[in-house]
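# Working through the structure, step by step
These are the residues of each chain, in order.
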Amino acid sequence: LSGRALSEKGVVTYSPSITFIPTHTCAFSCGYCAFARPSPLARLADADACFDRAAGCREVLIMSGEGVERFPVIRETLEEEGFTGYLDYLVAVGR
């Protein structure tokens, strides 16, 4: 059925999903942005807990600021957690 036919029949489809934000920290200060603000990096346990609450979800949207590795506190957390960098961390979060 086309989208129009589905809407005429009152059928609604969706994909269960969750949004995970590892940090709101961002290297840029865009005047229009309400997302960026200093925040710590979420630990893997935080990600696991977030995903555990999302049973049945089929998609995960990972949102983050840019250039987060420029901040010493983020780099320190990555090192403490045993990651070589932010991308390494994101791959682990996605597993």
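Reference entry: report on the structure contained in this document. (Residues numbered from 1 in each chain as written. Predicted model: local features only at pLDDT ≥ 70, side-chain atom pairs only at ≥ 80, totals over all residues. Heavy atoms only, no water.)

Below, the discussion takes up the overall build of the protein chain. Tallying secondary structure elements over the protein chain gives four helices and two strands in all. Tracing the protein chain from N to C terminus, the helices and strands come up as α-β-α-β-α-α. Relative to its length of 95 residues, the protein chain is extended, with a C-alpha radius of gyration of 18 Å against a globular reference of 12 Å. Expressed along its principal axes, the backbone C-alpha trace of the protein chain runs to roughly 55 × 35 × 20 Å. Looking at the 95 residues of the protein chain, the share that counts as buried comes to 26%. Restricting to contacts in the protein chain with at least 6 residues of sequence separation, those with at least 24 account for 69%. Carbon together with sulfur atoms contributes 53% to the accessible area of the protein chain, which is approximately 6,800 Å² in total. The distance from the centre of the 9 positive side-chain charges to the centre of the 12 negative ones in the protein chain is 10 Å. (Helix = DSSP H or I, 4+ residues; strand = E, 2+ residues; numbered from the N terminus. Rg over C-alpha atoms; globule rule 2.2 N^0.38 Å. Buried < 20%, exposed > 50% of the residue type's maximum accessible area, 1.4 Å probe, protein only. Contact = heavy atoms within 4.5 Å. Areas by Shrake-Rupley, 256 points an atom, 1.4 Å probe, with all protein chains shown as cover. Lys, Arg positive; Asp, Glu negative; His and termini not counted. Charge placed at Lys NZ, Arg CZ, Asp CG, Glu CD.)

For the structure shown, the criterion picks out two aromatic pairs. Taking the centre distance of 5.5 Å and the plane angle of 90° together, the rings of phenylalanine 83 and tyrosine 89 count as edge-to-face. Ring geometry for tyrosine 86 versus tyrosine 89: centroids 5.7 Å apart, planes at 15°, classification stacked. Of this pair, tyrosine 86 and tyrosine 89 are both found in helix α4 (residues 86-94), three residues apart, which corresponds to roughly one turn of the helix. (Phe/Tyr/Trp six-rings, centres within 6.5 Å; stacked < 30°, edge-to-face > 60°.)

Where helix α3 (residues 72-80) is concerned, the buried positions are Ile74, Thr77 and Leu78. Around the axis of α3, the buried residues are gathered within 100° of arc, so they sit on the same side. In α3, the exposed residues that point more than 90 degrees away from the buried face are Glu79 and Glu80. The inward-facing, buried residues of α3 contact β1 (17-23) and α4. (Arc of directions from axis to C-beta.)

Take a nonpolar patch on the surface next. Taken together, the side chains of Ile21, Leu61 and Met63 present a nonpolar region at the surface, about 230 Å² in accessible area. Considering the arrangement of structural elements, one finds isoleucine 21 in strand β1. (Patch = residues over 30% accessible without salt bridge, like charges linked within 9 Å, V, L, I, M, F, W, Y side chains within 5 Å. Salt bridge = Lys/Arg side-chain N within 4 Å of Asp/Glu carboxyl O.)

In this section: the state of the cysteines. Applying the stated rule across the entire model yields zero disulfides. Cysteine cysteine 26 remains unbridged, with the sulfur of cysteine 30 as its closest cysteine sulfur at 6.3 Å. Cysteine 30 carries a free sulfur, and the closest cysteine sulfur to it, the one in cysteine 33, is 6.0 Å from it. (Disulfide = S-S within 2.5 Å.)

Time to look at the pairing of strand β2 (residues 59-64). In this sheet, β2 lies alongside β1 in parallel orientation, the contact comprising five bridges. Following the sheet pairing, serine 17 is matched in β2 by glutamate 59. Of the crossover connections in this fold, the one passing from β1 over helix α2 (residues 44-52) to the parallel β2 is right-handed. (Pairing = 2+ DSSP bridges. Right-handed = clockwise from strand over helix to strand, strands pointing away.)

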